[in-house]
Amino acid sequence: MGLLYLILRGVRLRIRTILLHFMTISMISIAGLSAQNVSVRVEDAYSRAGELGYVRFLCNTNVPLASLIVPVKLVSEDLTIDSVVFSNLVPANLYVLNSQLSNARRRGFVHILPKISDDIATFYAYDEEIFRIYYRVKLNADEGEIPVDTFYNRFYDAGFWITEEIQASDGLGRTIRPDFQSGSIWTDQTTDVGSEAELIP
């Protein structure tokens, strides 16, 4: 009876040690993933009234990214969003590149998602442009600063909680929440002679 007790006790201790070992590995893995240096920042832009300008979004990551979703908030009546252009870091033959930016809501999303294939495409970026947003400044725009930021939203819909936030994933499908640094578009009332005629129709 004493021998059986010692055997069972030894087995329980062994199982407990193994569980603690795997829990420690998991905690280190999760901590390491969340601490990765992944960030997106907005580079300040300068535009004059009546101009077509652009603002650049730069990405920095020390892990290979497979996807990136950036909610963008650009609240101002002094400009209209024209288009989004993606950089060569994410070629269209490897990624699904999509933007849903609304001039009515002054916000939306920019999506970079890998195409379905045997080998998931990934990219590195070292404070490099990942995409840019073109905008048109109105002729009667006020001089000053227009903030360019991200946003967070969480709501309940059709039985599910939906979270809208900046996020990325690595090649293994693990979720990463990048840091975000906002920027500004600075507008100036100075215009060139004939600048109105040079606007893209």
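Up top is the structure.
Residues numbered from 1 in each chain as written. Predicted model: local features only at pLDDT ≥ 70, side-chain atom pairs only at ≥ 80, totals over all residues. Heavy atoms only, no water.

**As for the overall build of the protein**
Basically, it comes down to this: In DSSP terms, a helix is any run of H or I states spanning at least four residues, a strand is any run of E spanning at least two, and both are numbered starting from the N terminus. Partly exposed describes any residue whose relative accessible area lies between the buried limit of under 20% and the exposed limit of over 50%, with all areas from a 1.4 Å probe on protein chains only and scaled to the type maximum. The contact rule is simple, with two residues in contact once any of their heavy atoms fall within 4.5 Å. Each accessible area is a Shrake-Rupley result for a 1.4 Å probe, and residues are judged covered by the shown protein chains and nothing else.
Of regular secondary structure, the protein possesses one helix and 14 strands. Each of the 201 residues in the protein was classed as buried or not, and the buried ones make up 34%. For the protein, the proportion of contacts with a sequence separation of at least 24, taken over those separated by at least 6, is 75%. Summing over all exposed atoms, the protein offers an accessible surface of approximately 12400 Å²; the carbon and sulfur share of this is 56%.

**A word on the packing of aromatic side chains**
So the rule is basically this: For this analysis, a ring pair means two rings from Phe, Tyr or Trp (six-membered ring only for Trp) whose centres lie within 6.5 Å, classed as stacked if their planes differ by under 30 degrees, edge-to-face if by over 60, and tilted for the remaining angles. Counting as a charge over the ring demands two things of the Lys NZ or Arg CZ atom: a distance within 6 Å of the ring centre and an angle within 35 degrees of the ring normal.
Under the definition given, this model contains seven aromatic pairs. Look at Y95 and F123: their rings are 6.0 Å apart centre to centre, the planes differ by 75 degrees, and that puts the pair in the edge-to-face class. One end of the pair, Y95, is in strand β5 (residues 95-102); the other, F123, is in strand β7 (residues 123-137), and 28 residues separate them in sequence. Judged by its relative accessible area of 4%, F123 falls in the buried class. Aromatic side chains F109 and F151 sit 5.5 Å apart centroid to centroid with 65 degrees between the ring planes, which places their arrangement in the edge-to-face category. Placement of the pair is F109 in strand β6 (residues 107-114) and F151 in the loop between β8 (144-148) and β9 (153-157), with a sequence separation of 42 residues. Note on F151: relative accessible area 7%, which makes it buried. Three or more aromatic residues joined by ring pairs form one cluster here, namely F57, F86 and F131. Note that R107 overlies the ring of F151, its terminal NZ or CZ placed 4.4 Å from the centroid.

**A word on the pattern of salt bridges**
How we decide: Salt bridges are defined as contacts in which a side-chain nitrogen from Lys or Arg sits within 4 Å of a carboxyl oxygen from Asp or Glu.
A full pass over the atoms with the stated rule returns eight salt bridges. Measuring nitrogen to oxygen at the nearest pair gives 2.9 Å for the salt bridge that ties R41 to D127. Remark: D127 occurs in strand β7 and R41 occurs in strand β1 (residues 38-42); sequence separation between them is 86 residues. E129 is the partner of R132 in a salt bridge, and the nearest nitrogen-oxygen pair spans 2.8 Å. Three or more residues joined by partner-sharing salt bridges are found here, namely E43, R56, E129 and R132.

**Some points on the nonpolar core**
If you look at soluble globular proteins, the nonpolar side chains tend to sit buried side by side. The test is simple: Residue types Ala, Val, Leu, Ile, Met, Phe, Trp, Tyr and Cys, when buried and joined through side-chain atoms within 4.5 Å, form a set referred to as a nonpolar core.
Grouped together as the largest cluster of nonpolar side chains are 36 residues, with contacts concentrated most on F57, I130, F131 and I185. Looking at this core, the elements with two or more residues in it are β1, β3 (52-73), β4 (79-86), β6, β7 and β8. Here this core gets eight residues from one element, more than from any other, and that element is β3. In this structure F57 touches V40, R41, V42, V72, E128, E129, I130, F131, I133, V148 and F180, once residues within four positions along its chain are discounted.

**What about the pairing of β9?**
Remark: a regular strand shows side chains that alternate across the two faces of the sheet. Our working definition: Here a strand pair is declared whenever DSSP counts at least two bridges between the two strands.
Where β9 meets strand β10 (residues 160-164), five bridges bridge the pair, whose relative direction is antiparallel. Residue N153 lies in a different strand from β10, and its bridge partner there is E164. Counting the residues in the hairpin turn of β9 and β10 gives two residues, including A158, whose phi is positive at 55 degrees.

**A short note on the sheet that holds β8**
To be explicit about the condition: A fitted line through C-alpha atoms represents every axis, and for helices the fit uses only the stretch in contact; the resulting angles, taken between N-to-C directions, go from 0 to 180 degrees.
Across the sheet, three strands lie side by side as β2-β14-β8; this open sheet has mixed pairing. Sheet topology places β2 (45-48) and β8 at the edges, where each strand pairs with a single neighbour. Across the sheet, the mean angle from the axis of one strand to that of its neighbour is 25 degrees, orientation sign disregarded. As judged from the five bridges shared by β8 and strand β14 (residues 183-188), these two strands associate in the antiparallel manner. Following the sheet pairing, I146 is matched in β14 by I185.

**Notes on unusual backbone geometry**
Glycine aside, the phi torsion of most residues is negative, and most peptide linkages are trans. Of note, R106 is a non-glycine position whose phi angle comes to about 60 degrees, a positive value. In this structure, R106 sits in the loop between β5 and β6. The exposure class of R106 is buried, given its relative accessible area of 10%. For D127, which is not glycine, the phi torsion reads 55 degrees and is therefore positive. For D127, a relative accessible area of 38% corresponds to the partly exposed category.

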